[in-house]
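One letter stands for each residue in the lines below.
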Amino acid sequence: GQQVQQSPASLVLQEGENAELQCNFSTSLNSMQWFYQRPGGSLVSLFYNPSGTKHSGRLTSTTVIKERRSSLHISSSQTTDSGTYLCALDNTNTGKLTFGDGTVLTVKP
Amino acid sequence: GALVYQYPRRTICKSGTSMRMECQAVGFQATSVAWYRQSPQKTFELIALSTVNSAIKYEQNFTQEKFPISHPNLSFSSMTVLNAYLEDRGLYLCGATNANSDYTFGSGTRLLVI
């Protein structure tokens, strides 16, 4: 089965609403990273968060290893937050990142 | 900060020809470089992982004969798609890390094969 599962697959919000994106994994974890993929394809690293909670502006990432999940919370969403959010993990300590299929977020004005 | 410049951003090649893409790491040492392909269906496939002073490890379904990679130093890597065909189209991304598994990605090279 798929090692990294993201949910929801897509999400539509009104500007100002909050978003909660989930990443569940079926294996042990050495590293977890959240990315934002711009419409043109480039990946922007949002968080490197193998455990615990990290904050960056309106974004919060929480990884709970024993529950094998990581979440990305976006507060007060803006139209510019629209795009694809990907989680990726390294479960083998080899440096190989396995990506989830992503959550496509659309924020409407 | 850590940056990875990838070029070209977009390329079109005729079926059966080859194209080369390059990545330059700035602001950190790219101990490992991973090359991915994102298919039109949006899934990410790891092509190979290259670590300086180690053999390049290709994933199943990808070979050195088809995707030769060069990683000569801690700031540069290149990959060539040899004999490209329609199924090779997609977005190719290089990601680099200085061995702590915190990856920085380039902007991608979108390959169109005609």
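Further up the page is the structure itself.
Residues numbered from 1 in each chain as written. Chains lettered and ligands numbered in written order. Predicted model: local features only at pLDDT ≥ 70, side-chain atom pairs only at ≥ 80, totals over all residues. Heavy atoms only, no water.

Caption draft 1: Spotlight on unusual backbone geometry. Residues Ser7 of chain A and Pro8 of chain A are joined by a peptide bond in cis, for which omega reads -10 degrees. On the secondary structure map, Pro8 of chain A appears in the loop between strand 1 (4-7) and strand 2 (10-14). For the bond running from Tyr7 of chain B to Pro8 of chain B, omega is 0 degrees, close enough to zero to count as cis. Phi is positive for Ser76 of chain A, which is not a glycine, with a value near 45 degrees. (Helix = DSSP H or I, 4+ residues; strand = E, 2+ residues; numbered from the N terminus.)

Caption draft 2: Local environment of the sheet that holds strand 7 (residues 69-73) of chain B. Residue and element names in this part refer to chain B. Across the sheet, which stays open at both edges, the four strands sit in the order 1-3-8-7 with antiparallel pairing between neighbours. The two strands at the open ends of the sheet, each matched to only one other strand, are strand 1 (3-7) and strand 7. Recorded for the sheet is a direction-independent mean angle of 15 degrees between the axes of neighbouring strands. Bridge count for strand 1 against strand 3 (residues 19-26) is five bridges, and the pairing is antiparallel. Residue pairing across strands places Leu3 opposite Val26, the latter belonging to strand 3. (Pairing = 2+ DSSP bridges. Axes fitted to C-alpha atoms, helices over the stretch in contact; angles between N-to-C directions.)

Caption draft 3: Just the interface of chain B and chain A, in detail. Listed as interface residues are 17 residues of chain B and, on the opposing side, 18 residues of chain A. Summed over both sides, the interface between chain B and chain A buries roughly 1500 Å², with carbon and sulfur atoms accounting for 54% of that surface. Counting the contacts that link chain B with chain A gives one salt bridge. A salt bridge links Lys96 of chain A to Glu59 of chain B, with the shortest nitrogen-to-oxygen separation between them at 2.8 Å. On the surface where chain B and chain A come into contact, there are six residue pairs in polar contact (both at pLDDT 80 or more). Within the residue set of the side of chain B that touches chain A, elements represented by two or more residues are strand 4 (32-38), strand 5 (44-51) and strand 9 (90-97) of chain B. Tallying contributions element by element places strand 5 of chain B first for the side of chain B that touches chain A, with three residues. Grouping the amino acids of the side of chain B that touches chain A by side-chain chemistry returns eight nonpolar, six polar and three charged. (Contact = heavy atoms within 4.5 Å. Buried area = accessible area lost by both parts, 1.4 Å probe. Salt bridge = Lys/Arg side-chain N within 4 Å of Asp/Glu carboxyl O. Polar contact = N/O pair within 3.5 Å; in protein donor to acceptor, adjacent residues only side chain to side chain. Nonpolar A, V, L, I, M, F, W, Y, C, P; charged D, E, K, R; others polar.)

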